[in-house]
Amino acid sequence: QVQLVQSGAEVKKPGASVKVSCKASGYTFTSYYIHWVRQAPGQGLEWMGIINPNGGSTSYAQNFQGRVTMTRDTSTNTVYMELSSLKSEDTAVYYCAREKHGDCWFDPWGQGILVTVSS
Amino acid sequence: QSALTQPASVSGSPGQSITISCTGTSSDVGGYNYVSWYQQHPGKAPKLMIYEVSNRPSGVSNRFSGSKSGNTASLTISGLQAEDEADYYCSSRTSSGSYVFGTGTKVTVL
């Protein structure tokens, strides 16, 4: 079955970077986009950006421009999201989610990764 | 890009119908039929409930339906059940090619 399995929880200090992963299985990796969405504690969902595993092109939300980098490894069907210059406000659960090219909806989602930024 | 506007909470008794609104602009909700809805139970990942305004994925109950008029989309849950108690988020593609989510609505089954 289609699955997106994300890496484990992270704890980082302010100013550091974090790199999290999302491993896809059960479908053709390069036929679907991967989005990253985050959710701060008790808050709503926030779209961060998208990567096309077929070629690696990316598009980032304006709020994260210059701080986020999304990459992929087609040999392991894995997408990575790195966020730099972390602040306490970046404490959140980070989700990856799949989109079939041009469908504009997200299904399924990974289980989420809690990233905690604290001194 | 500002978040789409949803009511903070909606409640109903079992068996009743409720409707959640999602208001955007002509640059997102009003400009495209790319509105989707997600259900999120506490501590869980969101789950797709409606795509392209009114389509239900396989496996989603037909008690869930979606519609759109102008810049406002709506999700209706009919025959409300205890298991429907969750947070619900709308989402839309925008004119800039990005995506925006709604502020979220907590549904309570009385």
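Reference entry: report on the structure contained in this document. These numbers were taken from a predicted model, which means no experiment stands behind them. (Residues numbered from 1 in each chain as written. Chains lettered and ligands numbered in written order. Predicted model: local features only at pLDDT ≥ 70, side-chain atom pairs only at ≥ 80, totals over all residues. Heavy atoms only, no water.)

### Description of the overall build of chain B
Then, number 1: Summing up its helical and strand segments, chain B has zero helices and nine strands in all.
Then, number 2: Listing the helices and strands of chain B from first to last along the sequence gives β-β-β-β-β-β-β-β-β.
Then, number 3: Compactness check: chain B gives a C-alpha radius of gyration of 13 Å against a globular reference of 13 Å for 110 residues, within 12% of the reference.
Then, number 4: When its C-alpha atoms are laid out on the principal axes, chain B stretches across 40 × 25 × 25 Å.
Then, number 5: Split into buried and exposed, the 110 residues of chain B put 44% on the buried side.
Then, number 6: Total accessible area computed for chain B in this model is approximately 4,800 Å², and 43% of it derives from carbon and sulfur atoms.
Then, number 7: Taking the average place of the 7 positive charges on the side chains of chain B and the average place of its 6 negative ones, the gap between the two points comes to 4 Å. (Helix = DSSP H or I, 4+ residues; strand = E, 2+ residues; numbered from the N terminus. Rg over C-alpha atoms; globule rule 2.2 N^0.38 Å. Buried < 20%, exposed > 50% of the residue type's maximum accessible area, 1.4 Å probe, protein only. Areas by Shrake-Rupley, 256 points an atom, 1.4 Å probe, with all protein chains shown as cover. Lys, Arg positive; Asp, Glu negative; His and termini not counted. Charge placed at Lys NZ, Arg CZ, Asp CG, Glu CD.)

### Some thoughts on the state of the cysteines
Then, number 1: On inspection of all chains with the given rule, the structure shows two disulfides over all chains.
Then, number 2: The disulfide that involves B:C22 links it to B:C90, with 2.0 Å between the sulfurs. Taking the torsion about the sulfur-sulfur bond, which here is approximately 80°, the covalent link between B:C22 and B:C90 counts as right-handed. Taken together, the positions of B:C22 in strand β2 (residues 18-23) and B:C90 in strand β7 (residues 86-93) put the pair 68 residues apart, joining distant regions of the chain.
Then, number 3: By relative accessible area, B:C22 is classed as buried at 0%.
Then, number 4: Looking at B:C90, the relative accessible area reads 0%, which means it is buried.
Then, number 5: Just so you know, A:C104 is unpaired, no disulfide at all, and the nearest cysteine sulfur is the one on B:C22, 15 Å from it. (Disulfide = S-S within 2.5 Å.)

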